[in-house]
Amino acid sequence: MESGVVVPRKRDNSYFWRSDEDRYIRTHRMDGYLLLSEMMTGRGWPRSPESIKKHAKRKLGINLSKYPESGMHRCISCGKWDVRPNSHAGRMGLCPACWRRRQAEAIREGMDEKKAEAEYQREKKRRRDARKRLQREKEKNNGRDCGTGSGEARTREDLGA
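Now for a quick tour of the structure. Because the structure is predicted, anything quoted here is derived from the model rather than measured.

### Examining the overall build of the protein chain
The number of helices and strands found in the protein chain is six helices and two strands. Ordered by position in the sequence, the α and β elements of the protein chain form the string α-α-α-β-β-α-α-α. The buried share of the protein chain, reckoned over its 161 residues, is 24%. Long-range contacts, defined here as pairs at least 24 residues apart, represent 38% of the contacts in the protein chain between residues at least 6 apart. Just so you have it, the protein chain exposes about 12,200 Å², and 49% of that area is on carbon and sulfur atoms.

### Examining the pattern of salt bridges
If you walk through the whole model with that rule in mind, you get five salt bridges. One network of salt bridges, in which partners are shared, links Arg-18, Glu-21 and Arg-47.

### Examining a positive patch on the surface
Where like charges cluster on the molecular surface, the positive patch consists of Lys-124, Arg-128, Lys-132 and Arg-136. Locating Arg-136 in the fold gives a position in helix α5 (residues 96–140).

### Observations regarding the layout of surface pockets
Its boundaries defined by the atoms lining it, the largest pocket holds a volume of some 490 Å³. Looking at the lining of the largest pocket, the elements with two or more residues in it are α1 (19–27), α4 (88–91) and α5. A per-element tally of the lining of the largest pocket places α1 first, with five residues. Looking at the lining of the largest pocket residue by residue, the class counts come to five nonpolar, six polar and six charged.

### Points about the nonpolar core
Counting 13 residues, the largest nonpolar core has Tyr-24, Ile-25, Leu-36, Met-40, Ile-52 and Leu-64 as the members making the most contacts within it. At four residues, the largest contribution of residues to this core is made by helix α2 (residues 33–42). Not counting chain neighbours up to four residues away, the residues in contact with Ile-25 comprise Trp-17, Leu-36, Met-40, Ile-52, His-55, Ala-56, Leu-60 and Leu-64. Counting residues in hydrophobic clusters, the runner-up holds five residues, among them Cys-75, Leu-94, Cys-95 and Cys-98.

### Quick notes on the packing of aromatic side chains
Taken as a whole, this structure holds one aromatic pair when the rule is applied. Where Tyr-24 meets Trp-45, the ring centres are 5.7 Å apart and the plane angle is 80 degrees; that geometry is what we call edge-to-face. Of this pair, Tyr-24 sits in helix α1 while Trp-45 sits in the loop between α2 and α3 (49–60), and the two are 21 residues apart along the sequence. The lysine or arginine in question, Arg-47, covers the ring of Trp-17, its NZ or CZ lying 3.9 Å from the ring centre.

### Let's talk about the side chain of His-28
Positionally, His-28 belongs in the loop between α1 and α2. Among the residues examined, His-28 registers a relative accessible area of 10% and is labelled buried. In this view, His-28 contacts Leu-36, Met-39 and Arg-84; residues no more than four positions away in its chain are not counted.

### Things to note about the packing of α1 against α3
In the contact formed by α1 and α3, the axes pass within 11 Å of each other and the chain directions differ by 95 degrees. Between α1 and α3, the angle is such that the two are roughly perpendicular. Contact residues: α1 offers Asp-22, Ile-25 and Arg-26, while α3 offers Ile-52, His-55, Ala-56 and Leu-60. Looking at the contact of α1 with α3 residue by residue, the classes come out as four nonpolar, one polar and two charged.

Conventions we followed
- Residues numbered from 1 in each chain as written.
- Predicted model: local features only at pLDDT ≥ 70, side-chain atom pairs only at ≥ 80, totals over all residues.
- Heavy atoms only, no water.
- Helix = DSSP H or I, 4+ residues; strand = E, 2+ residues; numbered from the N terminus.
- Buried < 20%, exposed > 50% of the residue type's maximum accessible area, 1.4 Å probe, protein only.
- Contact = heavy atoms within 4.5 Å.
- Areas by Shrake-Rupley, 256 points an atom, 1.4 Å probe, with all protein chains shown as cover.
- Salt bridge = Lys/Arg side-chain N within 4 Å of Asp/Glu carboxyl O.
- Patch = residues over 30% accessible without salt bridge, like charges linked within 9 Å, V, L, I, M, F, W, Y side chains within 5 Å.
- Lys, Arg positive; Asp, Glu negative; His and termini not counted.
- Charge placed at Lys NZ, Arg CZ, Asp CG, Glu CD.
- 1 Å grid on protein atoms, 1.4 Å probe; cavity = no way out; pocket = protein on both sides within 12 Å on 5 of 7 lines; lining within 4 Å.
- Points joined across faces, edges and corners; volume = space filled by probe spheres on them.
- Nonpolar A, V, L, I, M, F, W, Y, C, P; charged D, E, K, R; others polar.
- Core = buried A, V, L, I, M, F, W, Y, C linked by side-chain atoms within 4.5 Å.
- Phe/Tyr/Trp six-rings, centres within 6.5 Å; stacked < 30°, edge-to-face > 60°.
- Lys NZ or Arg CZ within 6 Å of the ring centre and 35° of its normal.
- Axes fitted to C-alpha atoms, helices over the stretch in contact; angles between N-to-C directions.
- Parallel < 35°, antiparallel > 145°, perpendicular 65-115°, else oblique.

This is the structure:
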């Protein structure tokens, strides 16, 4: 059974619980089962508060309170949303929105680093090719300097020397 597919049961009109729903309950268990019901309905998983409480107790081994717990902390970045301590974002002291923003920022930074590395490698290759070209010209002219000197200065300038 896939986690994104709702499978109706044979006997009654209830549905099997998806692994996504279980994961969501585990992550947001500090919010209380009333708020969990509202949040899951907003995500497209309509479940009653009582069914969430029973499922969490029977299948997940979690005792849910009715209301959000008072031990919740505010996000260190925005201070607007609560931090859920049993999520990746919560372990960093961030709300889920700020955590996603930081992830997006890290991705952008990584892309900039890749561009800088590619530019550096292009410059190294250009310098190496200029050195090889100068070496070939010297070998071609039997070690004599070719040209008036301005060409050599230009080549040395290309080399960065």
